[in-house]
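# Structural features, examined
What follows is the residue order along each chain.
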There are 2 protein chains.
Amino acid sequence: MKSVKQKSAPRAATRSDTLRSQLENLIVDGHLKPGERLDETELASRFNVSRTPVREAIKSLVATGLAEIRGRQGASVTVLSIPVLLEMFEVMATLEGMCSGFAARRSTAAQRTRLREIHTELIRANEAGEPEAFYKVNALFHDTIYEASHTNFIAEQTWQLRRRLAPYRLRVTYQPGRMQATLVEHLRIIEAIEAADGKAATQAAMDHVKLLGDDLPDFIASIQKSIIGD
Amino acid sequence: MKSVKQKSAPRAATRSDTLRSQLENLIVDGHLKPGERLDETELASRFNVSRTPVREAIKSLVATGLAEIRGRQGASVTVLSIPVLLEMFEVMATLEGMCSGFAARRSTAAQRTRLREIHTELIRANEAGEPEAFYKVNALFHDTIYEASHTNFIAEQTWQLRRRLAPYRLRVTYQPGRMQATLVEHLRIIEAIEAADGKAATQAAMDHVKLLGDDLPDFIASIQKSIIGD
DNA sequence: AATTACTATTCTGCATACATAATGGTAGCA
DNA sequence: TGCTACCATTATGTATGCAGAATAGTAATT
């Protein structure tokens, strides 16, 4: 789901847009940690452009919440407090639930097959002990559900929120037992979608995203490692 | 709820930020209709600034979804399709529901009193036949609920989505019977919050936002008037 | 030794200039 | 008369220059 927002127009890639996308990926992939400074001149020279497109890219990131600006003191990658993170997970659970619910009612046979394939691949990655691969394929699983939901706005919102949370989830994925649990939860979602049971699919997806039981303290503890400095 | 996102820092108002806010208000208030062009040079001369802050403001609007850019062909106020609008209302209902639910559990006595006051004012505006006043006070009612929810992210998201939908709702508010119905629905929400009944509050708010029965075709019919050109 | 004040440097915010793509209009040709 | 091609104009994208604010570092005073 590289581009939910892709429009009909071929849109010539401007430096500004390219940069935004690059910076976004750096943040989402954890190469730019929350709290890290986004120095305009440094980024400009690093990407061989002038400060103008850099500034515009940063403005976009700020508007989407990935970066924040404090007065005239430059931008930095957004640092999310734990209360806010919990709220975001709550919304995320709801949105994922909606996507799964729609997917149960609207998915094509090909998309359901695709989900099974991805699930198989996830099992493989887990058994092979490849957390990085697991992380990527897992994202693919969710992207496929968004697509299968045949929604525009909801899928886009869910995807965006997922990316905002990504920097904080990176470390969680690798925690022992989490991958195994994910597989079980995914299976529940898949089966509900295959059964065209919207309610069950919604519930399964919500449960999957929600931070329950032991995961919550683990998650909170892991957050500190995601943030720069302190 | 002028600024949910207001941070501790005093943040010196930059021209770029001021402009973004101004343009946002123009869009939300319907003075810039969906589809209307956002000419950089024209806006620059109109607001007596250079193109740079104008561009940055537009970039922000695009990132938040209020405006859209097609390639190198300039920006314009976002035109939402009916399917997307319906999705947005669905998410809106969920978010409003969450806010009300939280408000039922977290609101202060002062905030509950405030809701009653606003409700009284709404009744007055209705009886006096002042739809513009009704519209404004109505927004205040919802802002107060967001505040009473004592959430950060959720309230902010709800508020933002509300603003994105605003241009399309302007005409709906004035439809006959809608104000009367709103009052009844608001009362349900207030009573649920006063009873500290989270579930009931959530449900009441969702029902209030959802487009039900006759409202849907009315709404769809009214949209055309909101859009420029065609 | 610690704190404060001042200065210098750095970085942000804004304006302007230039290059390139898109649009509109006109002229030429079929 | 209608269509196409070319040119002019306009507007967007990018670079650069300048002014002002913030930060850091140093020196001076208590």
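Everything numeric in this text was worked out from a predicted model, so none of it was measured.

The rules behind each value
- Residues numbered from 1 in each chain as written.
- Chains lettered and ligands numbered in written order.
- Predicted model: local features only at pLDDT ≥ 70, side-chain atom pairs only at ≥ 80, totals over all residues.
- Heavy atoms only, no water.
- Least-squares fit on C-alpha atoms with pLDDT ≥ 70 in both.
- Contact = heavy atoms within 4.5 Å.
- Helix = DSSP H or I, 4+ residues; strand = E, 2+ residues; numbered from the N terminus.
- Buried < 20%, exposed > 50% of the residue type's maximum accessible area, 1.4 Å probe, protein only.
- Near = heavy atom within 4 Å.
- Polar contact = N/O pair within 3.5 Å; in protein donor to acceptor, adjacent residues only side chain to side chain.
- Buried area = accessible area lost by both parts, 1.4 Å probe.
- Salt bridge = Lys/Arg side-chain N within 4 Å of Asp/Glu carboxyl O.
- Nonpolar A, V, L, I, M, F, W, Y, C, P; charged D, E, K, R; others polar.
- Pairing = 2+ DSSP bridges.
- Axes fitted to C-alpha atoms, helices over the stretch in contact; angles between N-to-C directions.

## Describing the relation of the copies chain A and chain B
Expressed as a screw operation, the relation of chain A to chain B combines 0.0 Å of axial shift with a rotation of 180°, fitting to an RMSD of 0.0 Å. Classification of the inter-copy transformation places it as that of a two-fold axis. Interface residue correspondence from chain A to chain B reaches 100%, placing this contact among same-surface, isologous pairings.

## Quick notes on the environment of Lys199 of chain B
Residues and elements named next belong to chain B. Here Lys199 is to be found in helix H9 (residues 198–209). Among the residues examined, Lys199 registers a relative accessible area of 73% and is labelled exposed. Linking Lys199 and Gly101, residues 98 residues apart in sequence, is a C-alpha distance of 6.2 Å.

## Brief notes about unusual backbone geometry
With phi around 60°, Asn48 of chain B is a residue other than glycine that occupies positive phi space. Tracing the backbone through its elements, the reader meets Asn48 of chain B in the loop between helix H2 (40–46) and helix H3 (51–64).

## Concerning the protein's contact with DNA strand D
What surrounds DNA strand D is a group of 17 residues, the closest being Arg15, Ser50 and Thr52 of chain A together with Arg51 and Arg55 of chain B. Each atom of DNA strand D within 4 Å of the protein was assigned to sugar, phosphate or base; sugar and phosphate come to 67%. Separating a phosphate oxygen of DNA strand D from a side-chain N or O atom of Arg55 of chain B is a distance of 2.8 Å. Elements with a minimum of two residues in the surface near DNA strand D: helix H1 (15–28) and helix H3 (51–64) of chain A together with H3 of chain B.

## Comments concerning the interface of chain A and chain B
Interface size, as often reported, equals the accessible area lost upon joining of the parts. Between chain A and chain B, the contact holds 30 residues from the first and 30 residues from the second. Approximately 2700 Å² of surface area, both sides summed, lies buried where chain A meets chain B, with 61% of it carried by carbon and sulfur atoms. Counting every contact that joins chain A to chain B gives four salt bridges. Among the salt bridges present, the one from Glu56 of chain B reaches Arg55 of chain A, with a minimum N-O distance of 2.8 Å. Taken together, the links from chain A to chain B amount to 12 residue pairs in polar contact (both at pLDDT 80 or more). The set of elements that each furnish at least two residues to the side of chain A that touches chain B consists of H1, H3, strand S2 (67–69), helix H4 (82–106) and helix H7 (153–173) of chain A. Examining the composition of the side of chain A that touches chain B, we find that nine residues originate from one element, H4 of chain A, more than from any other. Here the side of chain A that touches chain B is composed, by residue class, of 12 nonpolar, eight polar and 10 charged.

## Some details on the sheet that holds strand S2 (residues 67–69) of chain B
Residues and elements named next belong to chain B. Taken in spatial order, the three strands make up an open sheet running S1-S3-S2, and their pairing is antiparallel. Of all the strands in the sheet, the pair left with one neighbour each is strand S1 (37–38) and S2. Here S2 pairs with strand S3 (residues 75–77) via three bridges, running antiparallel. Counterpart to Ile69 in the pairing with S3 is Ala75. Each of S1, S2 and S3 is contacted by H3, which is oriented at about 100° to S2, the strand it contacts most.

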